[in-house]
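For reference, the chains in residue letters:
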Amino acid sequence: MGMNLDTAIGENKVDCLRRVDGRITINTNHHYFYQIQGQLAISGAKICHFVVYTGDNNDLFHEQVDFDERLWTERMLPKLIEFYLKCLAPNIVEKRAGKGLLYRDLRGRPEPTRPNKKEEATTSGSRKRKRSSNNELDP
């Protein structure tokens, strides 16, 4: 059956929404809000229609969320760049676990092994591609 939105917000069951001056709105501190802003920035869209469903017998909640360029350029993008430079880029360049990852220590795990020439020939078969003179792969 579902619970009405007022009850859900009051019982903190829908933490992506909050009540501001008696009006229900998206919680701008919630990760959904940041996800929306990131998707708007990457896609180039200017608005998002944020909808919350709490059951068949309840009204849908809808709010138009506008792209916040200042939030993106001053807070989100610098954090993404820092994450990329400190965590992803070293991993990509070195082809091994990056240094300084905070969530788990990947050092000491075995490197993936490459198949030997015989295995490679039997598994890739006709899917092999040759490099052309300009270093691009030919289909």
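Residues numbered from 1 in each chain as written. Predicted model: local features only at pLDDT ≥ 70, side-chain atom pairs only at ≥ 80, totals over all residues. Heavy atoms only, no water.

## Things to note about the nonpolar core
Leu 5, Leu 17, Ile 36, Phe 50, Val 52, Phe 61 and Val 65 are the most contacted members of the largest nonpolar core, which totals 20 residues. Mapped onto this core, the elements with two or more residues apiece are helix H1 (5–10), strand E2 (23–26), helix H2 (31–43), strand E3 (47–52), strand E4 (61–66) and helix H3 (69–94). What Val 65 contacts, discounting residues up to four positions off in sequence, is Ile 26, Phe 33, Ile 36, Gln 37, Leu 40, Lys 46, Ile 47, Cys 48 and Phe 50. (Core = buried A, V, L, I, M, F, W, Y, C linked by side-chain atoms within 4.5 Å. Buried < 20%, exposed > 50% of the residue type's maximum accessible area, 1.4 Å probe, protein only. Helix = DSSP H or I, 4+ residues; strand = E, 2+ residues; numbered from the N terminus. Contact = heavy atoms within 4.5 Å.)

## Re the packing of aromatic side chains
Taken as a whole and judged by the stated rule, the model has 2 aromatic pairs. Look at Phe 33 and Tyr 34: their rings are 5.9 Å apart centre to centre, the planes differ by 85 degrees, and that puts the pair in the edge-to-face class. Classification of Phe 33 as buried rests on a relative accessible area of 10%. (Phe/Tyr/Trp six-rings, centres within 6.5 Å; stacked < 30°, edge-to-face > 60°.)

## Quick notes on the pattern of salt bridges
Enumeration over the complete set of coordinates arrives at 3 salt bridges. Of the charged contacts in the structure, one is a salt bridge between Arg 19 and Asp 6, with a shortest N-O distance of 2.0 Å. Of this pair, Arg 19 sits in strand E1 (residues 17–20) while Asp 6 sits in helix H1; the two residues are 13 residues apart in sequence, bridging distant segments of the chain. Arg 19 sits in the partly exposed class, given a relative accessible area of 41%. Residue Asp 6 is classed as partly exposed on the basis of its relative accessible area, which comes to 47%. One salt bridge in this structure joins Lys 86 and Glu 82, with 3.1 Å as the shortest N-O distance. (Salt bridge = Lys/Arg side-chain N within 4 Å of Asp/Glu carboxyl O.)

## Description of H2
Taking 1.5 Å as the rise per residue, H2 with 13 residues should run 18 Å; its terminal C-alpha atoms sit 18 Å apart, in good agreement. Within H2 the residues assigned to the buried category are Phe 33, Ile 36, Gln 37, Gly 38 and Leu 40. Phi turns positive, to about 85 degrees, at Gly 44, one or two residues after H2. (Expected span 1.5 Å × (residues − 1).)

## Section: the pairing of E4
Of the two faces of E4, only the one carrying Phe 61, Glu 63 and Val 65 is buried; His 62, Gln 64 and Asp 66 on the other face are not. Bridge analysis of E3 against E4 gives 6 bridges, and the strand direction is antiparallel. Its bridge partner lying in E4, Cys 48 is registered against Val 65. (Pairing = 2+ DSSP bridges.)

## A short note on the confidence of the model for the protein chain
Detailed reading of predicted coordinates is not advised where the pLDDT is low. The share of residues in the protein chain with pLDDT of 70 or more is 65%, and the mean pLDDT across the chain is 78. Scored below 50 in pLDDT, residues 101–107 makes 4 contacts in the model with residues more than four places away or belonging to other chains. Scored below 50 in pLDDT, residues 124–133 makes 11 contacts in the model with residues more than four places away or belonging to other chains. (pLDDT = per-residue confidence, 0-100.)

## Digging into unusual backbone geometry
A positive phi is found at Asn 12, a non-glycine position, where the angle reads about 55 degrees. With respect to the helices, strands and loops of the structure, Asn 12 is situated in the loop between H1 and E1. A positive phi angle, close to 50 degrees, is found at Asp 21, a residue other than glycine. The topology assignment puts Asp 21 in the loop between E1 and E2.

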